[in-house]
Amino acid sequence: MSKRTEIKAILTDYKGLLGQEVTVMGWVRAFRSNRFIALNDGSCMNNLQVVVDYEQMDEALLKKASFHACIKVVGLLAESQGAGQAVEVIARKVEILGEANPEAYPMQPKAQSMEFMREHAHFRMRTNTFSAVFRIRHGVAYAIHKYFNDNGYYYMHTPIITGSDAEGAGEMFHVTALDLNKPPRTENGQVDYSQDFFGKATNLTVSGQLQAEIGALALGKVYTFGPTFRAENSNTSRHLAEFWMIEPEVAFYDIFDDMALAEDFCKYLINYILDTYPDDLAFLDERIKGLEKNLPQDQRRPMGLVDTLRFVVDNDFERITYTEAVNILRNSKPYKKGKFEYPVEWGKDLQAEHERYLVEKHFQKPVIVRNYPAGIKAFYMRLNETEEGVPGATVAAMDVLFPGIGEVIGGSQREERHDVLVQRMSDMNVPSEELWWYLELRKFGGAPHAGFGLGFERMVQFITGMGNIRDVIAFPRTPGNAEF
Ligand code: 4AD
Ligand code: MG
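Here goes a summary of the coordinates provided.

Thresholds applied
Residues numbered from 1 in each chain as written. Chains lettered and ligands numbered in written order. Predicted model: local features only at pLDDT ≥ 70, side-chain atom pairs only at ≥ 80, totals over all residues. Heavy atoms only, no water. Helix = DSSP H or I, 4+ residues; strand = E, 2+ residues; numbered from the N terminus. Buried < 20%, exposed > 50% of the residue type's maximum accessible area, 1.4 Å probe, protein only. Contact = heavy atoms within 4.5 Å. Areas by Shrake-Rupley, 256 points an atom, 1.4 Å probe, with all protein chains shown as cover. Axes fitted to C-alpha atoms, helices over the stretch in contact; angles between N-to-C directions. Parallel < 35°, antiparallel > 145°, perpendicular 65-115°, else oblique. Left-handed = near helix turned anticlockwise from the far one by under 90°. Nonpolar A, V, L, I, M, F, W, Y, C, P; charged D, E, K, R; others polar. Patch = residues over 30% accessible without salt bridge, like charges linked within 9 Å, V, L, I, M, F, W, Y side chains within 5 Å. Salt bridge = Lys/Arg side-chain N within 4 Å of Asp/Glu carboxyl O. Pairing = 2+ DSSP bridges. Phe/Tyr/Trp six-rings, centres within 6.5 Å; stacked < 30°, edge-to-face > 60°. Lys NZ or Arg CZ within 6 Å of the ring centre and 35° of its normal.

### Side note on the overall build of the protein
Logical step 1: Across its full length, the protein carries 15 helices and 16 strands.
Logical step 2: With the principal axes as the frame, the protein shows a C-alpha extent of 85 × 60 × 45 Å.
Logical step 3: Residue burial in the protein is summarised as follows: out of 484 residues, 50% are buried.
Logical step 4: Excluding contacts between residues fewer than 6 apart, the proportion of contacts in the protein whose partners are at least 24 apart in sequence is 68%.
Logical step 5: As displayed, the protein offers around 23800 Å² of accessible surface, 49% of which is attributable to carbon and sulfur atoms.

### A word on the packing of helix α5 (residues 128–150) against helix α15 (residues 456–464)
Logical step 1: The geometry of α5 relative to α15 is characterised by a closest axis approach of 10 Å and an angle of 125° between their N-to-C directions. Comparing the axis directions of α5 and α15 gives the class oblique. Between α5 and α15 lies a crossing of right-handed hand. On the side of α5, the interface is formed by V133, I136, R137, V140, A141 and I144, while α15 contributes F456, E457, V460, I463 and T464.
Logical step 2: Taken together, the residues of the contact of α5 with α15 break down into 8 nonpolar, 1 polar and 2 charged.

### Notes on a nonpolar patch on the surface
Logical step 1: On the surface, I160, I161, F197 and F198 cluster together into a nonpolar patch covering about 400 Å² of accessible area.
Logical step 2: Note that F198 resides in the loop between β8 (174–175) and β9 (202–204).

### A closer look at the sheet that holds strand β7 (residues 161–162)
Logical step 1: Strands sit in the order β7-β9-β8 across an open sheet of 3 strands; the sheet is antiparallel. The sheet is open, and its two borders are formed by β7 and β8, each paired with just one other strand.
Logical step 2: With 2 bridges joining them, β8 and β9 adopt antiparallel strand pairing. In the sheet register, V175 faces β9, and the bridge partner there is T202.

### Let's talk about the sheet that holds strand β4 (residues 70–79)
Logical step 1: The strand order around the closed barrel built from 5 strands is β1-β2-β3-β5-β4, with neighbouring strands paired in mixed fashion. Looking at each pair of strands side by side, their axes are set apart by 55° on average, direction ignored.
Logical step 2: Across 4 bridges, strand β2 (residues 36–40) lies against strand β3 (residues 48–51) in antiparallel orientation. Across the sheet, residue I37 finds its bridge partner in β3, namely V50.

### Points about α15
Since the α-helix packs 3.6 residues into each turn, any two residues three or four apart lie on the same face.
Logical step 1: Among the 9 residues that make up α15, 9 are buried, leaving the element largely enclosed by the rest of the structure.
Logical step 2: Positive phi appears at G465, one or two residues downstream of α15, with a value of about 75°.

### Quick notes on the pattern of salt bridges
Logical step 1: Scanning the model with the defined rule gives 26 salt bridges in all.
Logical step 2: With its nearest N and O atoms 3.2 Å apart, the salt bridge here joins D179 to K182.
Logical step 3: Residue classification places K182 among the exposed positions, given a relative accessible area of 62%.
Logical step 4: One network of salt bridges, with partners in common, ties together E213, E249, R414 and R442.

### Section: the side chain of K365
Logical step 1: Positionally, K365 belongs in the loop between α12 (352–363) and β13 (367–373).
Logical step 2: Ignoring any residue separated from it by four or fewer positions in sequence, one finds K365 in contact with F311, D316, E318 and V359.

### Quick notes on the packing of aromatic side chains
Within a pair of aromatic rings, the relevant descriptors are the distance that separates the centres and the angle that separates the planes.
Logical step 1: Applying the stated criterion across every chain, the model contains 25 aromatic pairs.
Logical step 2: Centroid distance F67 to Y105: 6.4 Å. Interplanar angle 75°. Geometry classified as edge-to-face. Taken as a pair, F67 in the loop between α2 (59–64) and β4 and Y105 in the loop between β5 (87–98) and α3 (114–119) lie far apart in primary sequence, 38 residues in all.
Logical step 3: The exposure class assigned to Y105 is buried, which follows from its relative accessible area of 6%.
Logical step 4: With a centroid separation of 5.5 Å and 45° between ring planes, the pair formed by Y322 and Y372 is classed as tilted. In this pair, Y322 is assigned in helix α10 (residues 322–330) and Y372 in strand β13, connecting sequence segments 50 residues apart.
Logical step 5: Given a relative accessible area of 1%, Y372 falls into the buried group.
Logical step 6: Through pairs of rings, three or more aromatic residues link up here, namely Y147, F148, Y153, Y155, Y223, F265, Y268 and F452.
Logical step 7: For K377, the ring lying beneath its charged end belongs to Y372, and the centroid distance is 4.2 Å.
Logical step 8: Positioned above the aromatic ring of Y438, the side-chain terminus of R442 is 4.0 Å from the ring centre.

All quantities given are derived from atomic positions and should not be read as evidence of function.
As structure tokens, then:
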């Protein structure tokens, strides 16, 4: 292909290009008055205006430059006479790279439902909304690596196929090469996984944490950033069956260091996007205002998108214990009026409605809840000393809760005491044989350590303001849906 200038390069620094001939390629976002084409090549939010002379050019050809056709334009870059753009390309030559018959093209130039968009995931990335979301998604991924690299962490790749299903984070997907129609069986009729590919039963991982702990106890500070899989039948706007998780794990960190890292990390990511993607954010901010225009005041977000992001980076996250959270909830109006669907009782897990009350109504900012009852948390979380006024045993776990999203981060200080861990595993029926290596880490040069998992899509959802997690991952995997 001939030399092409990206639209982003033209729009951000056009001075040197003025009066020169440029070649641009992209998709037609609009064609007004037979004269003005709004061209977008995905490199940035804004379109480049292309001016064509309908009289001078082949009419049949220009007809094909319809909504979402892909075209190549060669022309002069000039200062624009019209309002709305600084520069425009006066087309000398237009070439059709890919037609898009306007009658047959499924995406029409009008508001479409999000469900419709998901069914057309092969085209939705060309819309303003989704291209902004996916540029920002990239930006968050980049910022994650930058943050950890700048702070001396090592990126570690943990396995996607795992032989242990002990994490207890949720239902797992089996991985097998056996013929499911006639699997080999053991004498007592069970599927004989010793004859399977790996010589044992295997699953898709729910988390890289247990292996990341190996890294932390060798390299000091590591993080993982990879896909994780959960076969829960959760049809909510915050759950995916395949999602990406970032899991830092740090030697010599306790739960307080862990919380400080979580807060600093979240703020860094949000700041990075505020600084680097202002146009995309401004577009998404306006989009939400448009969607909420006709809603009653109490159903609108308390602040615009950019203001919300600024508020989060400018304020300290609230820190409370689980026991304090339960007390706040039991003294709350919705609790007293019987408005909560789920019970609030010490020992029971906090439900989304409770988390949202704490974050959105009570504190009105992100909240970190720590020291959860041992009975509702994973076996590897460090058992706390008994505390006065706390009804039962707690573990050094922490969840970071965000407005509109709920839990974005779950983490803990890990149980580094071998005997306490063995006891916890036995109490919770976690098979210790397959985690022999995890226990050995506590026997040979063990150290206090802590870490957490950030749900990547939930963070992208928060930053972009998208209402459904399925709209921040290119090809969502959810119960009943694995198209594309
Ligand atoms: O709280 P979770 O289950 O924690 C762990 O897996 C730990 N091993 C993490 C660690 O300590 N290294 O998951 C971590 C985060 C949640 O806070 C949530 O943001 C996200 O992962 N998450 C999901 N995101 C989308 N869809 C799902 N089904 C999710 N389940 C968890
Ligand atoms: Mg969790």
